[in-house]
Amino acid sequence: MEKVVEVANVSKNFKTYERASSGFLASFRRHYYTKKALISVSFSISRGQIVALLGRNGSGKSTLIKILTGILYPDSGTVNVLGFNPWKERMKLAWNIGVVLGAHGQMYWNLPAYDTFEYMQKIYKVPEEEFKKRLAHFVDILDLKHIYKKPVRTMSLGEMMKCNFVASTLHMPQVVFLDEPTIGVDIMSKAALKKAMLEMRAKYGTTFILTTHIVEDISIADRVLMLHKGRLVFDGAKERLEHMFGNKREVEIKFVPDAKLNLDFGKVLYTGTGIARLEINASVLKSRRFISLLSSKSIIDYSVSAPGLSELLAKMYTKLEKVH
Amino acid sequence: MVEITLIDSIKYYLINQAYAWKSFFAYRTQSLLWLFYSAFTGIFSFITMTVIYNVSSGFPGWNYYQMLILSSTVVMVIDAIEYNVNSWDVIRSMRRGMLDMHMVRPYGLATIMISTQSKAKTLISGFATGLAIFAYAALMLHLSLAYIITFLGIVAIGTYALMMFLLMLTVLSYHLFKSGMFMDGLINTLSVVGSYPLSVFGTIIMLLFSILVPIGVAVYYPAELIFGKINVVFSIAIILFSLAVAFVSYKLFYVLMRHYTSGGG
Amino acid sequence: MKSNRVGFPNIDAYISMIAIGIKDQLAYKLDYTISLFFKFINVLFMILIWSAIYLGTGVASIRGLSLPDIYVYFFIIYALRGVANMQLPDVIEEDIQEGSIATAYTRPLRYPIQVYMRGAADDLMTMLFITVPFFVIAVLIAHVTLTLGTVLLLLVEILIGYVLVNLIGFLVGMTAVKLISIQGLEAVTWSTLLLLGGGIVPLNMMPLVVQQILYLSPFAIMLYIPATTFLGTVSQSIIVTNILASLAWIALLTVVAFIAWGKVRRQLTSAGG
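As for the domain arrangement of chain A
Where interface size is given, it is often the accessible area lost as the parts come together that is meant.
Thinking step 1. Once the domains are mapped, chain A shows domain 1 (3-242) and domain 2 (245-323).
Thinking step 2. Summarising the inter-unit geometry, the C-alpha centres of domain 1 of chain A and domain 2 of chain A are found 38 Å apart.

Encoded structure:
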């Protein structure tokens, strides 16, 4: 599959400072240090992939996006996006990428969103017929019919985000970068954005790279890249992420209050009157002893679920903090 | 993919102006009010010169109308520069990461920065007042159209050079300080110095504001040319120097932007 | 839990605002220092300009001011510009545009006083680094003897001027509720203050009719009257007239500020969102 993004050993440092000490005179003293925003990051992305770039705040996600789009220069390493060096050939690359930074970044605040769309049409030289067709399509798929003709300042965050997405993709870029596109966005708007991305990927082979620290956003992704303190610590399918802490399952059991049950199958997360929650290995589900428990007359109801991805990531971050 | 030409860059600038003005007029009453009171900024230098020449014979070798030409030109030059490169706005947008969104567009960085300034729209009315005072003084001096066009042409080149210089200085200030408090002071100083003949400040200051911070090439020397105080050869040298300043500033700007670190995460 | 009634002076809080405002100014020390440098050299440029005017005209004095008087005059003017700083429009405009006005409102402090305290931080810095040094230079180069009476009179004039500047600044700042962006209005107000206050040209060089009007305006006491009181070149009648007129202006502008503030108060929280 054609590679659209190739990153090899990219590093980036920033010089910053902190107050040397406390007290009023501390305003006059600074302790300078170098923050390593990215450390030897390498990966490649194929055409048509939707890649989620995960990581805590300050992990280097936005820095990486800015390097891939030519806004920043790395200190070392090579980057190739659609055959271009982003910082040396920024203008040539710009025709082929779309970038969504923040909810309303490029939207004209006092004007209807349509004016910004028109503006983007002009600067990207989109032919009139194409512009009308694409706009009609986006208005339909993102449910913007009653939104795009009202001033941006009167919109909700979700509406702004959808309009911002349209503005950044009207010129049909091959690669779209979205920096934390769903922060503060309502659930319906998130769903609409995801739908739009999937459709663009299916129809035009558009590649999407979205940074996020919201776990739910990776449901759409084929692949997850995770940064931690500037290092790439995970690169793979999201299912592999789920399996990283063993095949854990959570079982909630509701039973007759007076029943005495042996719950020694794994970790007991919670017990109350007539209810218990356990964390067990997936393999235990098939064990005779466990099946026997669930079949007993004392059991009123039970449910089995995989632990939330949030919890897995929280565990992963804790582990990473110890390692790095 | 399309190769960006100079015409494309000009079009990009004009498109941005069109939408910025459209956005400006979204508040109709306010915008007219903004334009109205901003027009008065151009009048203050007129009043100042009038008072000075009322109580004294003014500056040696410069009559009242010649001084009006000088002071009104500096109003136009400074307003034109600030309209396109308002240092505080540039630095604020870099600090907050607001410039990043524009930097991913397929146009030159200098073009993008100059085109996307949107806060200083009202300066256009100060510029208009300056132009009106200039026209009045030119009329009273019976300056021919050829002289006026020559003058404005050289002023335009000098203004462009000074604008590129200030853009480079703004980015340098951001790079060094992540701030640009002093730029306001510099603009005020240029406004003061440019309103008067550079010769009154002595040789060192004259050289400083001719070569290092070249307000002279945008105002003083073009005025000296049309009033016959310098010859054509010198004025050609001024034009070439302006172009050199613009070129060097442009190159330095791009070198500095390599080290750009945007704010806002 | 001890509660502090709103309006009951919370001195510590206000002092903290000034302290943090000063720290904020010093966050960019080199930048701030360079900006001070430009303020210093501008006074030198004014002196050179007026030297050229005097030398070009070939007279010893213009309207009662000799060239040495003019040097002192402009040092005093630039010292007083540090007092007539007018920071309030910037502070209020920023609150409106950034939407931080709602946060300011949730604090148990009066908003107008919060705004003043934040502006006062910049005022204090400017007075320390501009006003005091320029006054010292003026005293050193002037051939005047300052009596206690003159010093007291100067302090009264400067205080009146400071109150007027802040009242005008507050009223200009409040227009941000309607106008949102007031940078242009601020610039015009400041230019007006400078010109009509004698900051560019001494007021006694204006036509007589204009002078008489300006001595009744709120601007003269901000710059011209203290400068010429220092030099001893202004008559007592003009001083008295101007002080009385300025006190009347303070009364009038205070009433206007109260009325306007009452009306604007409700709009402020919605405009800043």
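Considerations on the packing of helix 3 (residues 67-83) of chain C against helix 6 (residues 111-141) of chain C
When two helices pack together, their arrangement is captured by the angle between the axes and the distance separating the axes.
All names here are of chain C.
Thinking step 1. One can describe the packing of helix 3 onto helix 6 by two numbers: an axis separation of 8 Å at closest approach and a directional angle of 160°. As judged from the angle between their axes, helix 3 and helix 6 are roughly antiparallel. Regarding helix 3 and helix 6, the two cross each other, and that crossing is left-handed. Between helix 3 and helix 6, the residues in contact are Tyr71, Val72, Phe75, Ile76, Tyr78, Ala79, Gly82 and Val83 and Thr126, Met127, Ile130, Thr131, Phe134, Phe135, Ile137, Ala138 and Ile141, respectively.
Thinking step 2. Each residue belonging to the contact of helix 3 with helix 6 can be placed in one class, and the counts come to 14 nonpolar, 3 polar and no charged.

Remarks on the interface of chain C and chain B
Thinking step 1. Residue-level contacts link 30 residues of chain C with 35 residues of chain B.
Thinking step 2. Going through the elements one at a time, helix 2 (29-57) and helix 9 (183-196) of chain C are the ones with two or more residues in the side of chain C that touches chain B.
Thinking step 3. Ranked by residue count, the leading element in the side of chain C that touches chain B is helix 2 of chain C, at 16 residues.
Thinking step 4. In terms of residue class, the side of chain C that touches chain B is built from 21 nonpolar, 6 polar and 3 charged.

Comments concerning the sheet that holds strand 10 (residues 248-255) of chain A
Residues and elements named next belong to chain A.
Thinking step 1. If you trace the 4 strands from one edge of the open sheet to the other, you get 11-12-10-13, paired in antiparallel fashion. Whereas interior strands pair on both sides, the edge strands pair on one side only; in this sheet they are strand 11 (267-272) and strand 13 (299-305). Taking the axes of each pair of neighbouring strands and ignoring which way they run, one obtains an average angle of 15° across the sheet.
Thinking step 2. As judged from the 6 bridges shared by strand 10 and strand 13, these two strands associate in the antiparallel manner. Note on strand 13: the bridge partner recorded for Glu252 is Ser303.

Thoughts on the confidence of the model for chain C
Residue and element names in this part refer to chain C.
Thinking step 1. Looking at chain C, pLDDT values average 86 and 93% of them are 70 or higher.
Thinking step 2. For chain C, per-element mean pLDDT is lowest for helix 5 (residues 101-105), which scores 69, and highest for helix 11 (residues 224-231), which scores 96.
Thinking step 3. In this model residues 1-7 is a low-confidence stretch, pLDDT under 50, and it forms 5 contacts with partners more than four residues away in sequence or in other chains.
Thinking step 4. Here the predicted complex carries an ipTM of 0.89, next to a pTM of 0.84.

Digging into the nonpolar core
Thinking step 1. One finds B:Leu167, C:Phe75 and C:Ile76 to be the most contacted residues of the largest nonpolar core, which totals 225 residues.
Thinking step 2. Not counting chain neighbours up to four residues away, the residues in contact with B:Leu167 comprise B:Val85, B:Ala110, B:Met113, B:Ser249 and B:Phe253.
Thinking step 3. In terms of nonpolar packing, the next biggest core, distinct from the first, is built from 5 residues, A:Val251, A:Ile253, A:Phe255 and A:Leu278 among them.

Some details on helix 11 of chain C
Owing to its 3.6 residues per turn, the α-helix brings residues three or four apart onto one side.
Thinking step 1. Among the 8 residues of helix 11 of chain C, 8 are classified as buried, and the element is accordingly described as predominantly covered.
Thinking step 2. Taken from the residues just after helix 11 of chain C, C:Gly232 is the one with a positive phi, measuring 80°.

What to know about unusual backbone geometry
Thinking step 1. Despite not being glycine, A:Met172 has its phi angle at roughly 50°, a positive value.
Thinking step 2. Tracing the chain through its elements places A:Met172 in the loop between helix 5 (157-169) and strand 6 (175-179).
Thinking step 3. A positive phi angle, near 50°, is found at C:Arg63, a position not held by glycine.
Thinking step 4. Tracing the sequence through the fold places C:Arg63 in the loop between strand 1 (61-62) and strand 2 (65-66).

Details of the sheet that holds strand 8 (residues 223-228) of chain A
All names here are of chain A.
Thinking step 1. On the basis of which strands lie adjacent, the open sheet formed by 6 strands has the order 5-6-7-3-8-9 and mixed pairing. At either end of the open sheet lies a strand with only one pairing partner, and these are strand 5 (97-101) and strand 9 (231-236). Averaged over all pairs of adjacent strands, the angle between strand axes in this sheet comes to 15°, irrespective of strand direction.
Thinking step 2. As paired strands, strand 8 and strand 9 are joined by 5 bridges and run antiparallel to one another.

Conventions used here
Residues numbered from 1 in each chain as written. Chains lettered and ligands numbered in written order. Predicted model: local features only at pLDDT ≥ 70, side-chain atom pairs only at ≥ 80, totals over all residues. Domains from an automatic or database assignment. Axes fitted to C-alpha atoms, helices over the stretch in contact; angles between N-to-C directions. Helix = DSSP H or I, 4+ residues; strand = E, 2+ residues; numbered from the N terminus. Parallel < 35°, antiparallel > 145°, perpendicular 65-115°, else oblique. Left-handed = near helix turned anticlockwise from the far one by under 90°. Contact = placed C-beta atoms within 7 Å. Nonpolar A, V, L, I, M, F, W, Y, C, P; charged D, E, K, R; others polar. Pairing = 2+ DSSP bridges. pLDDT = per-residue confidence, 0-100. Core = buried A, V, L, I, M, F, W, Y, C linked by C-beta atoms within 7 Å. Buried ≥ 20, exposed ≤ 12 C-beta atoms within 10 Å, placed from the backbone.

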